[in-house]
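Residue-level structural notes
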Amino acid sequence: GADNSYYTSGTNRLSFGHGCVDDSEDSDVMLHEYGHAIHYSINSNWSGGDTGAIGEGFGDYWAGSYSYSTPNGAVYHPEWIFSWDGHGTGNQCWAGRLMNKLNLVYVHSTYYGAHQGIPGGQSDELWSTPLFQSLITLVGTHGKTRDSVDQIVLESHFGIGFGPKMRDLAYATIAAAQALQPGQPHAMVFTQKFAHHNIVEDLTG
């Protein structure tokens, strides 16, 4: 009956809460929790560093990427995550999260846990925002496919060991973009979006 969903790595199961709106009615919730399963499938030692915030932010991106590809996804609040469970009208369960928090600034000496309050928003949003903004720029402005962006985001996690910081994974994402989409704007866009938050240094000029 709790309004909470989660992934359990030990049993490799997803569990969905039934408080307020049933979480399994919202595809964003299901895909977000599956994002945690993806992380543990790629790296069974997924912990330490900024993995708390990265895991939540990646799950939000993974759900938002799918939602953006649906017929109304690009026009009905694409920046919302948990559109039904978290941004519903009437008896709203909770405030949901956003993937356009352009005001957030990364501090490399800080360790970012899951759902951590930071100046201007939440740690999860600090990671989901540059990923999602890269997606909508590459798809909406450059005409690239969602699959090409998702592939880069996934590939960046391979070879990442224990305790990555956001900066580590951001550079791995840019390297994956350069390797998978040479000569295309993917690496440039990821660099610009990460640099906007001070996660990496903008070397694109």
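Relevant structure appears above.
The notes below deal with the structure included here. (Residues numbered from 1 in each chain as written. Predicted model: local features only at pLDDT ≥ 70, side-chain atom pairs only at ≥ 80, totals over all residues. Heavy atoms only, no water.)

Description of the packing of aromatic side chains
- With the rule as written, the count across this model stands at six aromatic pairs.
- Among the aromatic side chains, those forming a connected cluster through ring pairs are W127, F190 and F194.
- The side chain of K165 reaches across the aromatic face of Y111, ending 4.0 Å from its centre. (Phe/Tyr/Trp six-rings, centres within 6.5 Å; stacked < 30°, edge-to-face > 60°. Lys NZ or Arg CZ within 6 Å of the ring centre and 35° of its normal.)

Points about the nonpolar core
- Grouped together as the largest cluster of nonpolar side chains are 41 residues, with contacts concentrated most on Y61, L126, W127, M166, F190, F194 and I199.
- Ignoring sequence-local partners within four residues, the contact set of Y61 consists of M99, S128, L131, F132, L135, V149, D150 and V153. (Core = buried A, V, L, I, M, F, W, Y, C linked by side-chain atoms within 4.5 Å. Buried < 20%, exposed > 50% of the residue type's maximum accessible area, 1.4 Å probe, protein only. Contact = heavy atoms within 4.5 Å.)

A short note on the pattern of salt bridges
- All chains considered together, the criterion is met by five salt bridges.
- In this structure, the salt-bridge partner of D50 is K165, at a minimum N-O distance of 3.1 Å. Separated by 115 residues along the polypeptide, D50 in the loop between α1 (27–42) and α2 (51–69) and K165 in the loop between α4 (146–155) and α5 (166–180) bring together distant segments of the chain.
- For R97, the salt bridge goes to E56, with nearest N and O atoms at 3.8 Å. You can see R97 sitting in strand β4 (residues 97–98) and its partner E56 sitting in helix α2, a full 41 residues away along the chain. The pair formed by R97 and E56 is uniform in burial state, with each residue classed as buried.
- A single network of salt bridges, built from pairs that share partners, joins E56, D60, R97 and D124. (Salt bridge = Lys/Arg side-chain N within 4 Å of Asp/Glu carboxyl O. Helix = DSSP H or I, 4+ residues; strand = E, 2+ residues; numbered from the N terminus.)

Considerations on the layout of surface pockets
- Roughly 170 Å³ of internal volume is contained in the second largest pocket.
- For the lining of the second largest pocket, the secondary-structure elements that each account for two or more residues are α1, α2 and β3 (80–81).
- A per-element tally of the lining of the second largest pocket places α2 first, with four residues.
- For the lining of the second largest pocket, the class distribution of residues is seven nonpolar, seven polar and one charged. (1 Å grid on protein atoms, 1.4 Å probe; cavity = no way out; pocket = protein on both sides within 12 Å on 5 of 7 lines; lining within 4 Å. Points joined across faces, edges and corners; volume = space filled by probe spheres on them. Nonpolar A, V, L, I, M, F, W, Y, C, P; charged D, E, K, R; others polar.)

Here's the deal with α2
- The terminal C-alpha atoms of α2, which comprises 19 residues, lie 27 Å apart, in line with the 27 Å expected from a rise of 1.5 Å per residue.
- Along α2, 16 of the 19 residues are buried, which leaves the element largely enclosed by surrounding structure. (Expected span 1.5 Å × (residues − 1).)

Description of the environment of A175
- Inspection of the secondary structure assignment puts A175 in helix α5.
- Of the residues examined, A175 reaches a relative accessible area of 39% and is grouped as partly exposed.
- In sequence terms A175 and I152 are 23 residues apart; their C-alpha atoms lie 9.0 Å from each other.

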